[in-house]
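Each chain is listed here by its residues.
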There are 2 protein chains.
Amino acid sequence: MNNFTFLNPVRVHFGKGQVEKLAEELKDYNKILLTYGGGSIKKNGVYDDVMKALDGKEVFELSGITPNPKTDKVYEGIKICKENNIDFILAVGGGSTLDCSKAIAMGSKTDEDFWDYFFEQKNKPESALPLGTVITMAGTGSEMDDSCVISNVERKKKYGYGNKLLYPVFSIIDPEYTYSLPQYQLISGSCDMFSHIMEEYFSEPDYKNTTDNISEALMKTVIENIRIALKNPKDYQARSNLMWTSTLAINGLTACGKASDWLSHSLEHTLSAYFDVAHGMGLAVVHPNYLKFVYKNHLEKFKRFAVNVWNIDPEGKSDEELSLAGIEALQDFFKEIGAPTTLRELNIPQEKIREMAEHTRVYPTTYSNLSVDDIETIYNNAY
Amino acid sequence: MNNFTFLNPVRVHFGKGQVEKLAEELKDYNKILLTYGGGSIKKNGVYDDVMKALDGKEVFELSGITPNPKTDKVYEGIKICKENNIDFILAVGGGSTLDCSKAIAMGSKTDEDFWDYFFEQKNKPESALPLGTVITMAGTGSEMDDSCVISNVERKKKYGYGNKLLYPVFSIIDPEYTYSLPQYQLISGSCDMFSHIMEEYFSEPDYKNTTDNISEALMKTVIENIRIALKNPKDYQARSNLMWTSTLAINGLTACGKASDWLSHSLEHTLSAYFDVAHGMGLAVVHPNYLKFVYKNHLEKFKRFAVNVWNIDPEGKSDEELSLAGIEALQDFFKEIGAPTTLRELNIPQEKIREMAEHTRVYPTTYSNLSVDDIETIYNNAY
């Protein structure tokens, strides 16, 4: 394996009723910014659970955070934090709420414009407001990672940013909180976590290693449990397996000793920046098409993927055929669980493809060195 | 999965040449207690690497720490720390050196007798000296866990003790440092890590879950890579896979959502306390025999073990036959890599079995509730 340094400082409280840990976790904080999305937490009881734990504290609220969180909500949150000397941010919801809150946490501690200073110029925050999370969706993994993704609508950009100051202090992960999610989000989240695992798995080194073995175990866990959860959304075991897998998929474990390419995410971010596509659904479209573009130089890894993850019989297949069969099994799986597999299904007009390709943030990886033309080809293949 | 809280605060530096991170890690400390074992680190260059990083600091040494570290070395280390106001302990070696150093770290901060106060009475340390490690052996996992095991020769007891104050601040894990290990220790360490994984895997819940899937991936990683490392001790990939697996096997990952029975370790500790048996070799003997004693009440899990870990064809086998075939494959594997599988091979006299059984620390687990007679039976079956 490649050399690496690993430390993940997030304290995870996983399981039924773990929201009861909130009071203890927040005992040293008094002015709390509570952030959440469209209000579903008010319908499913999560908001009430949280407010009970916040009893006696001064609570400010920022609601209405949308999927693909936008700069406007970040500015709004920063303003509240600065005007009220907020000392802790509690993010309650899915990945979008958490990511938006992370951007607020670092933007609140500087006089610079958060987008220009961090996302464009890549400066490092010197401090950030402490943040805790109550995650209500499996997929993003934002509850145990140090990064956030924000969309700038005016500039048609969706950029990620990572810094260790953005690790949550704690995360409450209660699988029962996902029971009331729309099926669409269950599917999208499952595609997202699957893609996170593949971003690391399909990066060098390719020789057999502990990390890739774990990644295969996690991919198989997703395949098995999304099928169960789709049939029975209140299957606690399936929900808890998906939720813990999504957390591990991006907390650094699957990156240990790996190069971490992450190029499919870059290809997807353009879709979301242009057309507000649900992140996981965009990944279901672009990730297999990216893999089809690059697999020929990494046949050993793709053969392994086909056999170990998809149980495809290698008998009588050439290396290329076997590799391709694995990627097609992946695409079939996304289709089976109800995800789109073409840009057409996402209602993206084909005439926008060249412009999107030119707008995509690209860099050399261990598996690819894409030109704008290559990206255009991948998008066209995905149409 | 069961509810759990997870946080592992150890900063791991993994890979070739990572000893260069020592200087930065130790920059705030001046009076260092350097602990190590029999002196092999002076022959293989590790001692020189470490001393270079310690240049300019006041270094005290405690050497001669043996396998199954004994109370005498702990007392010796505590004395050095107290007399010299040591501010950091750097443990360089295998699990025994690390465990001994952890006991010193907590014993140095109290006026109580460390054995009586912590190991017998189970008091919690209120503070401990900070500790860093340079691990030179794969197996123990002590580099990323919060526990230590110490032997009290006079009382014929080998007890484990865990507390979050005992997590190392950092650990340097360089697979090349294991190249010069005697083959005996490579084998013993591999049995040890395999046993650590099974202690969690064979505990409830038994239904399919993310953690058990990871555990299976780790067990398969051990099986594949110990075979390679035995043939070619300088195979970096195999060594790094074994080393990272051993770290993950006991850093909490394989315990997430599991009951954590750990009874085979209790059965082994008696062997070591009586006859100074190498820990991993003792586990190779007792763990399969413990499993043979308890498997009938957990057939689903044992069937899964046989098929997923050992690729045994279930066709034509009853549940019991398949389960037993898995345990026998485990025993055959231990034999294949050169580990003992009977107490006789460990030169333990059969007439001591009853006394050892009476001396074993036992408690109800999710898989068993052993009486002294049961333990005697397990030891006799292992003879």
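Residues numbered from 1 in each chain as written. Chains lettered and ligands numbered in written order. Predicted model: local features only at pLDDT ≥ 70, side-chain atom pairs only at ≥ 80, totals over all residues. Heavy atoms only, no water.

When helices and strands are counted, chain A shows 15 helices and 8 strands. For chain A, whose C-alpha radius of gyration is 20 Å, the value lies close to the compact-globule estimate of 21 Å for 383 residues. Taking the principal axes of the C-alpha coordinates as reference, chain A spans close to 70 × 40 × 40 Å. When burial is assessed residue by residue, chain A has 61% of its 383 residues classed as buried. Taking contacts inside chain A between residues at least 6 apart in sequence as the whole, the part at least 24 apart equals 78%. Carbon and sulfur atoms provide 46% of the accessible area of chain A, an area that totals close to 14,200 Å². (Helix = DSSP H or I, 4+ residues; strand = E, 2+ residues; numbered from the N terminus. Rg over C-alpha atoms; globule rule 2.2 N^0.38 Å. Buried < 20%, exposed > 50% of the residue type's maximum accessible area, 1.4 Å probe, protein only. Contact = heavy atoms within 4.5 Å. Areas by Shrake-Rupley, 256 points an atom, 1.4 Å probe, with all protein chains shown as cover.)

The next subject is empty space enclosed by the protein. Enumeration according to the criterion identifies 3 cavities of 30 Å³ or more in this entry. Within this model, the largest cavity holds a volume of roughly 110 Å³. Taken together, Phe6, Asn8, Met144, Leu248, Asn251 and Leu253 of chain A together with Phe6, Asn8, Met144, Leu248, Asn251 and Leu253 of chain B form the lining of the largest cavity. Listed by contribution, the elements that provide at least two residues to the lining of the largest cavity are strand 1 (4–14) of chain A together with strand 1 (4–14) of chain B. Each pocket or cavity is described by its volume, and for the second largest cavity that value is around 60 Å³. Elements that contribute at least two residues to the lining of the second largest cavity include exactly helix 7 (183–201) and helix 9 (236–248) of chain B. Within the lining of the second largest cavity, the residues separate by chemical class into 6 nonpolar, 2 polar and 1 charged. (1 Å grid on protein atoms, 1.4 Å probe; cavity = no way out; pocket = protein on both sides within 12 Å on 5 of 7 lines; lining within 4 Å. Points joined across faces, edges and corners; volume = space filled by probe spheres on them. Nonpolar A, V, L, I, M, F, W, Y, C, P; charged D, E, K, R; others polar.)

Here we come to the packing of aromatic side chains. Remark: the centre distance and the inter-plane angle together describe each pair of aromatic rings, the angle taken between the planes. This model, assessed by the stated rule, comprises 58 aromatic pairs over all chains. Each ring, one from Trp244 of chain A and one from Phe6 of chain B, has its centre 6.4 Å from the other, and the planes form 75 degrees; the classification is edge-to-face. With one member in each of two chains, Trp244 of chain A in helix 9 (residues 236–248) and Phe6 of chain B in strand 1 form a pair that bridges those chains. Consider the rings of Phe114 of chain B and Phe119 of chain B, whose centres lie 5.7 Å apart with planes at 85 degrees: the pair is edge-to-face. On the accessibility criterion, Phe114 of chain B (1% relative accessible area) is buried. Judged by relative accessible area, Phe119 of chain B falls into the buried class, the value being 0%. Through a chain of ring-to-ring contacts, three or more aromatic side chains come together here, namely Phe194, Tyr201, Phe202, Tyr295, Phe302, Phe305, Trp310, Phe333, Phe334 and Tyr367 of chain A. In this arrangement the basic side chain of Lys42 of chain A is found over the ring face of Tyr47 of chain A, its NZ or CZ atom lying 4.8 Å from the centre. The positively charged end of Arg361 of chain A is found above the aromatic ring belonging to Tyr159 of chain A, 3.4 Å away from the centroid. (Phe/Tyr/Trp six-rings, centres within 6.5 Å; stacked < 30°, edge-to-face > 60°. Lys NZ or Arg CZ within 6 Å of the ring centre and 35° of its normal.)

Attention shifts here to the interface of chain A and chain B. Taken together, the 39 residues of chain A in the interface contact 38 residues of chain B. When chain A packs against chain B, close to 3,200 Å² is buried across both sides, 55% of that on carbon and sulfur atoms. At the boundary of chain A with chain B, the tally comes to 2 salt bridges. Of the charged contacts in the structure, one is a salt bridge between Lys208 of chain B and Glu224 of chain A, with a shortest N-O distance of 2.9 Å. Taken together, chain A and chain B are joined by 22 residue pairs in polar contact (both at pLDDT 80 or more). (Buried area = accessible area lost by both parts, 1.4 Å probe. Salt bridge = Lys/Arg side-chain N within 4 Å of Asp/Glu carboxyl O. Polar contact = N/O pair within 3.5 Å; in protein donor to acceptor, adjacent residues only side chain to side chain.)

Of the transformation placing chain A onto chain B, the axial shift is 0.0 Å and the rotation is 180 degrees, giving an RMSD of 0.0 Å. Such a turn and shift between the copies fits a two-fold axis. An overlap of 97% is found between the interface residues of chain A and their copies at the interface of chain B, pointing to a shared contact surface. (Least-squares fit on C-alpha atoms with pLDDT ≥ 70 in both.)

The next thing to look at is helix 9 of chain B. Residue and element names in this part refer to chain B. With 13 residues, helix 9 extends 18 Å between its outermost C-alpha atoms, agreeing within 8% with the 18 Å of an ideal straight helix rising 1.5 Å per residue. Helix 9 sits mainly inside the fold: 12 of its 13 residues count as buried. Along helix 9, the residues that are buried comprise Tyr236, Ala238, Arg239, Ser240, Asn241, Leu242, Met243, Trp244, Thr245, Ser246, Thr247 and Leu248. Residue Asp235 occupies the N-cap position of helix 9, its side-chain oxygen lying 3.1 Å from the main-chain nitrogen of Gln237. (Expected span 1.5 Å × (residues − 1).)

Turning our attention to the pairing of strand 2 (residues 31–35) of chain A. Each regular strand displays side chains that alternate between the two surfaces of the sheet. All names here are of chain A. Counting buried positions along strand 2 yields 4 of 5 residues, so the element is predominantly enclosed. Taken together, the 5 bridges between strand 2 and strand 3 (residues 58–62) define a ladder with parallel strand orientation. Of the residues in strand 3, the one forming a bridge with Lys31 is Glu58. Pairing between strand 2 and strand 4 (residues 88–93): 4 bridges, direction parallel. Considered in strand 4, the bridge of Thr35 is made with Ala91. (Pairing = 2+ DSSP bridges.)

Attention shifts here to the confidence of the model for chain A. Predicted confidence across chain A gives a mean pLDDT of 96, with 100% of residues reaching 70 or more. The ipTM for the predicted assembly is 0.96, set against a pTM of 0.97. (pLDDT = per-residue confidence, 0-100.)

Of the pairings in the sheet, the one linking strand 1 of chain A to strand 1 of chain B comprises 7 bridges and is antiparallel in character. Along strand 1 of chain B, the bridge assignment pairs Phe6 of chain A with Val12 of chain B. In this sheet, strand 8 (residues 170–173) of chain B lies alongside strand 1 of chain B in parallel orientation, the contact comprising 4 bridges. Residue pairing across strands places Val12 of chain B opposite Ser171 of chain B, the latter belonging to strand 8 of chain B.

Time to look at the sheet that holds strand 2 (residues 31–35) of chain B. Read from one edge to the other, the open sheet built from 12 strands follows the order 3(A)-2(A)-4(A)-5(A)-8(A)-1(A)-1(B)-8(B)-5(B)-4(B)-2(B)-3(B), with strand pairing classed as mixed. Edge strands, defined here as strands with exactly one partner in the open sheet, are strand 3 of chain A together with strand 3 (58–62) of chain B. Adjacent strand axes in the sheet meet at a mean angle of 25 degrees, parallel and antiparallel pairs treated alike. Sheet topology note: the strand 4 (residues 88–93) of chain B/strand 5 (residues 131–135) of chain B ladder contains 5 bridges and is parallel. Bridge pairing in strand 5 of chain B places Gly93 of chain B opposite Ile135 of chain B. Against the sheet, helix 5 (residues 95–107) of chain A touches strand 2, strand 3, strand 4 and strand 5 (131–135) of chain A, its axis set at about 165 degrees to strand 4 of chain A. (Axes fitted to C-alpha atoms, helices over the stretch in contact; angles between N-to-C directions.)

Take the pattern of salt bridges next. Tallying each qualifying case throughout the model produces 45 salt bridges over all chains. As a salt-bridge pair, Arg354 of chain B and Glu376 of chain B come within 2.6 Å of each other at their nearest N and O atoms. In this pair, Arg354 of chain B sits in helix 14 (residues 353–359) while Glu376 of chain B sits in helix 15 (residues 372–381), placing the two residues 22 residues apart along the sequence. A relative accessible area of 21% means that Glu376 of chain B is categorised as partly exposed. Members of the salt-bridge network, linked through shared partners, are Asp116, Glu120, Arg155 and Lys157 of chain A.

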